[in-house]
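# Close look at the chain arrangement
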Amino acid sequence: MRRGMALTGLCLVAAALTLTSCQWRRLTVNDPIRPEDVAFILPGHTSLAEVVAKLGAPDEIAATGDAMVARYRFRDGKYFKIDLGRLLSFWSPVTPEMSMARGQVETDVFQVVLDRRGIVQEQAFAFQSPATRFNPWPF
Amino acid sequence: MRGWGILLLLMASLGLLGGCAFVRGHFGEDFDSDAIAAIQKGTTTRADVAARFGAPDEIIHAADRDIFHYRLYDGKMGYLLIVSRFNIKGDHLYVFFNRDGIVEDVIYGKRTDRLKFQVWPFGD
């Protein structure tokens, strides 16, 4: 009984120590826009005012010939690091860094092409990055 | 025994406090909603807009119009020992002018009012 409790305690301490050597960091820029959020846009009918009412003001408006392009940008970045050298700091005067880390940033752009009257002509996701995840494996 | 428990809890709480941080970053000036509401389509001029909001961050020429673009970014970061989250959102004001320099349209979007301090990096 006592041995079981000691083993459980040891496992808990080991898990807590391992946790202190991990780092989870996240960066988000603007809210992501999903295909279902833009399903209301009908090329040839929807106006810029209607798009703005639903999605907010775009991050960028650019000229393209006689038309305009409105772009919405959003990013989601995840970073995970594990430094096993940190475990040594509890009993060693030297703490070498033994880290594995990986950061991934999902950068997506949603754009609408508008004619001179401000009516949507085309819409597209310029990038559709794969969803990011916390993963320390750098190879 | 109970005293020791409280002391341990207090020490753990202090340890956590030592490893936490809340950071805020602000780029650009807040938009005055009254000034935005005062922009009248068909009457307000380019000079009026520049006088109220200052020089724009960007001037775009598109579809025979000049567009003044003003930006504001706000960032909030919560940090607790091994986890942290940094959220950034931007507000944008676009003022469209016709060939005569008169306001034709105004687009304003505010996202920074929904910006939150978050520490937990998982989930949405």
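You'll find the structure just up there.
Chains are numbered independently. Their residues run from 1 in the order of the written sequence. Written order determines the labels here, with chains lettered from A and ligands numbered from 1. pLDDT decides what is reported in this predicted model: residues at 70 or higher carry local features, side-chain atom pairs at 80 or more are listed and counted, and totals for whole chains, interfaces and linings draw on all residues regardless.

### Details of the overall build of chain B
- Check the secondary structure of chain B and you find three helices and five strands.
- Only DSSP runs of H or I covering at least 4 residues are called helices, and only runs of E covering at least 2 are called strands; the numbering of each starts at the N terminus. Written out in order from the N terminus, the α and β elements of chain B read α-β-α-α-β-β-β-β.
- In this treatment the radius of gyration is a C-alpha quantity, and the globule benchmark scales as 2.2 Å times the residue count to the 0.38 power. Taking 14 Å as the expected radius of gyration for a compact globule of 124 residues, we find that chain B reaches 23 Å, considerably beyond that expectation.
- If you line up chain B on its principal axes, its C-alpha atoms span 80 × 25 × 20 Å.
- If you take every contact in chain B between residues at least 6 apart in sequence, the share linking residues at least 24 apart comes to 60%. Any two residues are considered in contact once their C-beta atoms, placed from the backbone, lie within 7 Å.

### What about the overall build of chain A?
- Looking only at helices and strands, one finds two helices and five strands in chain A.
- Reading chain A from its N terminus to its C terminus gives the helix and strand order α-β-α-β-β-β-β.
- For 139 residues, the compact-globule formula gives about 14 Å, and the C-alpha radius of gyration of chain A, at 24 Å, lies well above that figure.
- Whether a residue is buried, exposed or partly exposed follows from its count of other C-beta atoms within 10 Å of its own C-beta, namely 20 or more, 12 or fewer, or something in between, respectively; the C-beta atoms are built from the backbone. Counting all 139 residues of chain A, 19% fall into the buried class.
- Of all intrachain contacts in chain A linking residues separated by at least 6 positions in sequence, the fraction that spans at least 24 positions is 65%.

### Description of the nonpolar core
- Think of a nonpolar core as buried Ala, Val, Leu, Ile, Met, Phe, Trp, Tyr and Cys residues, each tied to the set through C-beta atoms within 7 Å. Residues Ile61(A), Ala70(A), Leu114(A), Ile67(B), Tyr94(B) and Val95(B) are the most contacted members of the largest nonpolar core, which totals 20 residues.
- Within the residue set of this core, elements represented by two or more residues are helix H2 (48-55), strand S3 (67-83) and strand S4 (99-114) of chain A together with strand S3 (65-80), strand S4 (83-97) and strand S5 (103-109) of chain B.
- Top element by residues in this core is S4(B). It accounts for four residues.
- Those residues in contact with Leu114(A) that lie beyond four places of it in its chain are Leu48(A), Ala67(A), Met68(A), Ala70(A), Ile119(A), Val120(A) and Gln121(A).

### Overview of the environment of Trp24(A)
- Checked against the element boundaries, Trp24(A) lands in strand S1 (residues 22-29).
- Excluding residues that lie within four positions of it along the chain, Trp24(A) makes contacts with Phe80(A), Phe134(A), Ile82(B), Val83(B) and Pro121(B).

### Focus: the environment of Leu17(A)
Residues and elements named next belong to chain A.
- Residue placement: Leu17 occurs in helix H1 (residues 2-20).
- Measuring from C-alpha to C-alpha, the distance between Leu17 and Ala67 comes to 58 Å, with 50 residues separating the pair along the chain.
- Residues within four places of Leu17 in sequence aside, it is in contact with Leu87 and Phe90.

### Focus: the interface of chain A and chain B
- Each side of the interface is counted separately: chain A has 23 residues, and chain B has 23 residues.
- Where the side of chain A that touches chain B is concerned, the elements lending two or more residues are H1, S1, strand S2 (60-64) and S3 of chain A.
- Among the elements that make up the side of chain A that touches chain B, the one with the highest residue count is S1(A) (eight residues).
- Residues were grouped as follows: Ala, Val, Leu, Ile, Met, Phe, Trp, Tyr, Cys and Pro as nonpolar; Asp, Glu, Lys and Arg as charged; and all remaining residues, including Gly, as polar. Considering only residue class, the side of chain A that touches chain B consists of 13 nonpolar, five polar and five charged.
- As judged from the six bridges shared by S1(A) and S4(B), these two strands associate in the parallel manner. Each bridged residue has a counterpart across the sheet, and for Leu27(A) the counterpart in S4(B) is Phe86(B). A pair of strands is considered paired only if DSSP assigns at least 2 bridges between the two.

### What about unusual backbone geometry?
Residues and elements named next belong to chain B.
- In the Ramachandran plot, Ala63 falls in the positive-phi region, its phi being about 50° despite a non-glycine side chain.
- Here Ala63 lies in the loop between strand S2 (58-62) and S3.
- A positive phi angle is found at Asp64, which is not glycine, with a value near 65°.
- Relative to the assigned elements, Asp64 resides in the loop between S2 and S3.

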